[in-house]
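Examining the three-dimensional arrangement
Residue strings, one per chain:
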Amino acid sequence: MNEKEIDKAFGDFEKKYNLPPVFRMSNGKILGAFIITKDGESFMITFESSDADIMEAAAMVSPDNTEAAAGDLRALKAFCSAPLVPSPAPDTLQ
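The shown structure was predicted, so the numbers you read here are calculated from the model rather than taken from an experiment. (Residues numbered from 1 in each chain as written. Predicted model: local features only at pLDDT ≥ 70, side-chain atom pairs only at ≥ 80, totals over all residues. Heavy atoms only, no water.)

Before going further, it helps to spend a moment on the nonpolar core. In globular proteins that are soluble, nonpolar side chains generally tend to be buried together. Core analysis: the largest hydrophobic core is formed by 23 residues, its most contacted members being Phe-10, Phe-13, Ile-35, Phe-43 and Leu-73. Taken together, the elements giving at least two residues each to this core come down to helix H1 (3–17), strand S2 (31–36), strand S3 (42–46), helix H2 (51–61) and helix H3 (66–79). Setting aside residues up to four positions removed in sequence, Phe-43 forms contacts with Ala-33, Phe-34, Ile-35, Thr-37, Ala-57, Met-60, Val-61 and Leu-73. (Core = buried A, V, L, I, M, F, W, Y, C linked by side-chain atoms within 4.5 Å. Buried < 20%, exposed > 50% of the residue type's maximum accessible area, 1.4 Å probe, protein only. Helix = DSSP H or I, 4+ residues; strand = E, 2+ residues; numbered from the N terminus. Contact = heavy atoms within 4.5 Å.)

A few words on the environment of Phe-13. When you line up the elements, Phe-13 lands in helix H1. What makes Phe-13 buried here is its relative accessible area of 4%. For the pair formed by Phe-13 and Leu-73, sequence separation is 60 residues and the distance between their alpha carbons is 8.4 Å. Ignoring any residue separated from it by four or fewer positions in sequence, one finds Phe-13 in contact with Leu-19, Val-22, Ile-35, Val-61, Asp-72, Leu-73 and Leu-76.

The next thing to look at is the pattern of salt bridges. Summed over the entire model, instances satisfying the criterion amount to four salt bridges. For Asp-12, the salt bridge goes to Lys-8, with nearest N and O atoms at 2.8 Å. Of this pair, Asp-12 and Lys-8 both sit in helix H1, four residues apart, which is roughly one turn of the helix. We classify Lys-8 as exposed; its relative accessible area is 53%. A salt bridge links Lys-16 to Asp-72, with the shortest nitrogen-to-oxygen separation between them at 2.8 Å. Taken as a pair, Lys-16 in helix H1 and Asp-72 in helix H3 lie far apart in primary sequence, 56 residues in all. Since its relative accessible area comes to 22%, Asp-72 is described here as partly exposed. (Salt bridge = Lys/Arg side-chain N within 4 Å of Asp/Glu carboxyl O.)

Attention now goes to H3. Here H3 is 14 residues long and its end C-alpha atoms lie 20 Å apart, about the 20 Å a rise of 1.5 Å per residue gives. Listed in full, the buried residues belonging to H3 are Ala-69, Ala-70, Leu-73, Leu-76, Lys-77 and Phe-79. Buried positions in H3, seen along its axis, are confined to an arc of 160° and lie on one side of it. Tucked inside the fold, the buried residues of H3 contact H1, S2, S3 and H2. (Expected span 1.5 Å × (residues − 1). Arc of directions from axis to C-beta.)

Position of Pro-20 relative to the elements: it lies in the loop between H1 and strand S1 (23–26). Residues Pro-20 and Ile-36, 16 residues apart in the sequence, show an inter-C-alpha distance of 6.4 Å. Residues within four places of Pro-20 in sequence aside, it is in contact with Glu-14, Ile-36 and Thr-37.

To continue, consider the packing of H2 against H3. Where H2 contacts H3, the two axes come as close as 8 Å, and the packing angle between them is 120°. It follows from the interaxial angle that H2 and H3 lie oblique. Like other packed secondary-structure pairs, H2 and H3 cross with a definite hand, here right-handed. Between H2 and H3, the contacting residues are Asp-51, Ile-54, Met-55, Ala-57, Ala-58, Ala-59 and Val-61 on the first element and Thr-66, Glu-67, Ala-69, Ala-70, Leu-73, Arg-74 and Lys-77 on the second. Residue composition of the contact of H2 with H3, grouped by class: nine nonpolar, one polar and four charged. (Axes fitted to C-alpha atoms, helices over the stretch in contact; angles between N-to-C directions. Parallel < 35°, antiparallel > 145°, perpendicular 65-115°, else oblique. Left-handed = near helix turned anticlockwise from the far one by under 90°. Nonpolar A, V, L, I, M, F, W, Y, C, P; charged D, E, K, R; others polar.)

Right, dumping it as structure tokens:
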């Protein structure tokens, strides 16, 4: 996977669920998707996220269709398996 594929997957997720930008965050070992919902709730999905975490996040993203949202979050989780260069949180999140 390259960065363009990751950016496209994150962008497609944002558009599908009408969300603010999904931020990539990394500690140099694990890539995470930092997601802010329409209600202002936030969470992070990483390759290590459990299925229970995915289901909880899916309920925040799409309360009316958690199964579809969970599938989409699992797809994002798969993109989080590749280590990337560390990228700190944007200034707006600090």
